[in-house]
Amino acid sequence: SQTIHQWPATLVQPVGSPLSLECTVEGTSNPNLYWYRQAAGRGLQLLFYSVGIGQISSEVPQNLSASRPQDRQFILSSKKLLLSDSGFYLCAWSVPTGSYTFGSGTRLTVV
Amino acid sequence: SQQGEEDPQALSIQEGENATMNCSYKTSINNLQWYRQNSGRGLVHLILIRSNEREKHSGRLRVTLDTSKKSSSLLITASRAADTASYFCATAPFRTGANNLFFGTGTRLTVIP
């Protein structure tokens, strides 16, 4: 069966420090992969999506970047975190025109 | 914005009552999906309705879609305390080849035992 792993669950980082969040998918090949951010009490904002290895598209300009070094691995990074990067980050995968399966999320607090 | 908007933002009902949440969107879509999120957790897919469908059922869930009005509704019948969560609609715009979903801000449902 397909599963998605996202870690860490919580993270507290100082302003200006780097960030690396990792997401891996099992049980499927060539999935579409997504990173979303959710501000407190708000909806989800699509940050990045990928339809294949090395193929990254960004929906909004920001302080973050994403990479897909392997078919089922999606990484969200930042070289220098800002206070405004705090939020709940969710990774998800889907097949084309299908539903999404979300990871359990990472609560990032930048202090 | 491509995002859907849910209405109401918050809903509080007694256990056993029905809960209805509405979603409006702006663009032509391939499909519309409803998700549930327990506090501080990831989202769980509930139901997907395609643009050529008008109604879909899954257990106690009933979803309708009116593409002429660009709106959808989610009905939860015979609600239970365990249904307490936030519910989001998400639209897959017709043009998007990557099946990107755009989420609304959600309806916070509280079911009182």
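Residues numbered from 1 in each chain as written. Chains lettered and ligands numbered in written order. Predicted model: local features only at pLDDT ≥ 70, side-chain atom pairs only at ≥ 80, totals over all residues. Heavy atoms only, no water.

Engineer: Just to check I follow, could you spell out the nonpolar core for this structure?
Structural biologist: M21(B), L32(B), W34(B), L74(B), I76(B), Y87(B) and L109(B) are the most contacted members of the largest nonpolar core, which totals 21 residues. The contact partners of Y87(B), leaving out residues within four places of it in the chain, are E6(B), M21(B), Y35(B), R36(B), L46(B), L74(B), I76(B), G106(B), T107(B) and L109(B). Core analysis: the next-biggest nonpolar cluster, separate from the first, contains 20 residues, C23(A), W35(A), F74(A) and Y89(A) among them. (Core = buried A, V, L, I, M, F, W, Y, C linked by side-chain atoms within 4.5 Å. Buried < 20%, exposed > 50% of the residue type's maximum accessible area, 1.4 Å probe, protein only. Contact = heavy atoms within 4.5 Å.)

Engineer: Any chance you could explain unusual backbone geometry here in plain terms?
Structural biologist: Note: most residues except glycine have negative phi, and most peptide bonds are trans. A cis amide bond, omega 0 degrees, links W7(A) with the succeeding residue P8(A). Residue position: P8(A) is located in the loop between β1 (3–7) and β2 (10–13). That bond from D7(B) to P8(B) is cis: its omega, 0 degrees, falls within 30 degrees of zero. You can see P8(B) is positioned in the loop between β1 (5–7) and β2 (10–14). Look at N30(A): it is not a glycine, yet its phi comes out positive at around 50 degrees. Relative to the helices and strands, N30(A) is located in the loop between β3 (19–26) and β4 (32–38). Here N30(A) falls in the partly exposed class, since its relative accessible area comes to 47%. A positive phi is found at A78(B), a non-glycine position, where the angle reads about 45 degrees. Residue position: A78(B) is located in the loop between β8 (71–76) and β9 (85–93). Judged by relative accessible area, A78(B) falls into the partly exposed class, the value being 39%. (Helix = DSSP H or I, 4+ residues; strand = E, 2+ residues; numbered from the N terminus.)

Engineer: What's the story with the side chain of S50(A) in this structure? I'm lost.
Structural biologist: Residues and elements named next belong to chain A. As for its placement among the helices and strands, S50 is situated in strand β5 (residues 44–52). The exposure class assigned to S50 is buried, which follows from its relative accessible area of 1%. Here the side chain of S50 touches Q55 through a polar contact of 2.6 Å, landing on its backbone oxygen. Leaving out residues up to four positions away in the same chain, S50 has contacts with P31, N32, L33, Q55, I56, R68 and F74. (Polar contact = N/O pair within 3.5 Å; in protein donor to acceptor, adjacent residues only side chain to side chain.)

Don't take any of this as a statement about function, it's just geometry.
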